[in-house]
Amino acid sequence: MFFSIVIPTYNRLPILQKCLRALELQELKDVTPIQGYEVVLVDDGSTDGTLDWLAEHKHEFPHLRCFEQDHAGPAAARNLGVNKALGDTIIFIDSDLVVLNSFLQAHADALVQGKKKLESNTSDTPKERFFTYGAVINTCNFENPTAEPYKITDFSAAFFATGNVAISKHWLEAAGLFDTGFQLYGWEDLELGVRLKKLGLSLIKCPEAVGYHWHPAFSLQQIPKLIDQEIQRGRMGVLFYQKHPTWEVKMMIQMTWFHRLLWGILSLNGALNEKTMSPFLQWLINLGKPQLALEIARIFLNWYNVKSVYAAYKEMQDK
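Residues numbered from 1 in each chain as written. Predicted model: local features only at pLDDT ≥ 70, side-chain atom pairs only at ≥ 80, totals over all residues. Heavy atoms only, no water.

Undergrad: Would you mind showing me how to read the pairing of strand β8 (residues 202-214) here?
TA: Successive residues of a regular strand alternate their side chains across the two faces of the sheet. Relative to β8, strand β5 (residues 97-99) runs antiparallel, the two sharing three bridges. Following the sheet pairing, Leu 97 is matched in β8 by His 213. (Pairing = 2+ DSSP bridges. Helix = DSSP H or I, 4+ residues; strand = E, 2+ residues; numbered from the N terminus.)

If you want it as structure tokens, here you go:
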């Protein structure tokens, strides 16, 4: 197999540097199914000097091939990356993910084992009707992101998410790649996952392929952006439901009476919000517990999301 690691990026130069350097340090076994690998980076219209820095340091990255586009979002960037990829197997990661040096080998081993397992359990053709999904550990440790331990909040039940996944290029093309109609924040990868599931693909978890997702420690200054993301996620959630009007999708996008009741009660119908909770959240941050503060802030963040879902759904029905 030949891996093409497709990475969209937009104004993330400091952590992107760590991401790309980690990918140049991959350790492969002497006997391995990996024939080689490339890193396909798509710059989505960055304005932070990303392209200039890459041009100045291209000697550091022999595996890197770089492409650029006007700012059009991660779905369009990943599609461009897949179209330019030379490999038969695509690995998606984000540009704020730092991987271990065993990352590629772990995905390769899981793909080989998955093929053997499915071949012994089914007569289906072709046999490689699956993909591997690695572990993602969230961290705010910029200096040493890979030092972060696994936490219960790192668990993900997603079927297909582009933070750390390896899949045959053939199946991505068969599914139709990412829907570029998802131009706001959220859901473009999970929506593709629904189409992949309809093609009969299965998920094989690969916890040995570890990536560390860096983000700055939570602060009150981030709240307006987080609220805006939840509003965007709600609107894109309705687009997701339009394409796949199932109960499973309604649960995913929180468009149910249960979610409306749950977050309405927990937020006291919006009385617990960014204004009323700010002093308590700042107190937790001052205690050195920004992650706990973020988890508590999700009470009102989820309420914004649910309200946005129902507002967007009403707009859709009124048209």
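Undergrad: Mind showing me how you'd approach the state of the cysteines here?
TA: In protein chemistry, a disulfide is the covalent bond that joins the sulfur atoms of two cysteines. A complete count under the given rule lists zero disulfides for this structure. The structure places no disulfide on Cys 66, whose sulfur is separated from the nearest cysteine sulfur, that of Cys 19, by 12 Å. (Disulfide = S-S within 2.5 Å.)

Undergrad: How do you make sense of the layout of surface pockets when you look at a structure like this?
TA: Each pocket or cavity is described by its volume, and for the second largest pocket that value is around 250 Å³. Contributing elements (two or more residues each) for the lining of the second largest pocket: α4 (103-121), β6 (130-139) and β7 (164-168). Residue composition of the lining of the second largest pocket, grouped by class: seven nonpolar, two polar and three charged. (1 Å grid on protein atoms, 1.4 Å probe; cavity = no way out; pocket = protein on both sides within 12 Å on 5 of 7 lines; lining within 4 Å. Points joined across faces, edges and corners; volume = space filled by probe spheres on them. Nonpolar A, V, L, I, M, F, W, Y, C, P; charged D, E, K, R; others polar.)

Undergrad: Got a minute to help me understand helix α10 (residues 278-286) in this structure?
TA: It helps to recall that an α-helix has 3.6 residues per turn; residues three or four apart then point in one direction. Restricting attention to buried positions, one finds in α10 the residues Ser 278, Leu 281, Leu 284 and Ile 285. Down the axis of α10, the smallest arc covering the buried residues is 125°, so these residues share one side. Facing away from the buried side of α10, by more than 90 degrees, are the exposed residues Pro 279 and Asn 286. Buried residues along α10 sit against α7 (223-243) and α11 (290-318). Trailing α10 by a residue or two, Gly 288 shows a phi angle of about 85°, which is positive. (Buried < 20%, exposed > 50% of the residue type's maximum accessible area, 1.4 Å probe, protein only. Arc of directions from axis to C-beta. Contact = heavy atoms within 4.5 Å.)

Undergrad: Could you clarify how one ought to interpret α7 in this entry?
TA: Along its 21 residues, α7 runs 30 Å from first to last C-alpha, staying within 8% of the 30 Å computed at 1.5 Å per residue. Among all positions of α7, only Ile 223, Leu 226, Ile 227, Gln 229, Glu 230, Gln 232, Gly 234, Met 236, Gly 237, Val 238, Phe 240 and Tyr 241 are buried. Of the surrounding secondary structure, the elements contacted by the buried residues of α7 are α6 (188-198), α8 (247-252), α10 and α11. (Expected span 1.5 Å × (residues − 1).)

Undergrad: Help me understand the packing of α7 against α11, please; the structure alone is not making it clear to me.
TA: The angle between the axes and the distance between the axes are what describe a pair of packed helices. α11 packs onto α7 with a crossing angle of 40° between their chain directions and a minimal axis gap of 7 Å. In this view, α7 runs oblique relative to α11, as classed from their interaxial angle. Seen along the crossing, α7 lies across α11 with a hand that is right-handed. Counting all contacts with α7, which are made through Ile 223, Leu 226, Ile 227, Glu 230, Ile 231, Arg 233, Gly 234, Arg 235, Val 238, Tyr 241 and Gln 242, the residues of α11 involved are Leu 294, Phe 300, Leu 301, Tyr 304, Asn 305, Ser 308, Val 309, Ala 312, Tyr 313, Glu 315 and Met 316. Across the contact of α7 with α11, the residue classes break down as 14 nonpolar, four polar and four charged. (Axes fitted to C-alpha atoms, helices over the stretch in contact; angles between N-to-C directions. Parallel < 35°, antiparallel > 145°, perpendicular 65-115°, else oblique. Left-handed = near helix turned anticlockwise from the far one by under 90°.)

Undergrad: Would you mind going over the packing of α10 against α11 with me for this structure?
TA: One way to put it is that α10 packs onto α11 with a least axis distance of 7 Å and a crossing angle of 160°. If you check the angle between α10 and α11, you find them roughly antiparallel. Note that α10 runs across α11; the crossing there is right-handed. Mapping the contact onto sequence places Phe 280, Leu 281, Leu 284 and Ile 285 in α10 and Pro 290, Leu 292, Ala 293, Ile 296, Ala 297 and Phe 300 in α11. Among the residues making up the contact of α10 with α11, the classes are represented as 10 nonpolar, no polar and no charged.

Undergrad: Just checking my understanding: could you explain the pattern of salt bridges for this structure?
TA: Oppositely charged side chains are able to pair whenever their charged atoms sit close together. The tally for this structure, following the rule as stated, stands at 16 salt bridges. Of the charged contacts, one joins Asp 96 and Arg 12 as a salt bridge, the two residues approaching to 3.4 Å between their closest N and O atoms. With Asp 96 in the loop between β4 (89-93) and β5 and Arg 12 in the loop between β1 (2-9) and α1 (13-23), this residue pair connects regions lying 84 residues apart in the sequence. Asp 96 gets classed as buried once you look at its relative accessible area, which sits at 5%. Via salt bridges that share partners, Asp 179, Glu 191, Arg 195 and Lys 243 belong to a single interconnected network. (Salt bridge = Lys/Arg side-chain N within 4 Å of Asp/Glu carboxyl O.)

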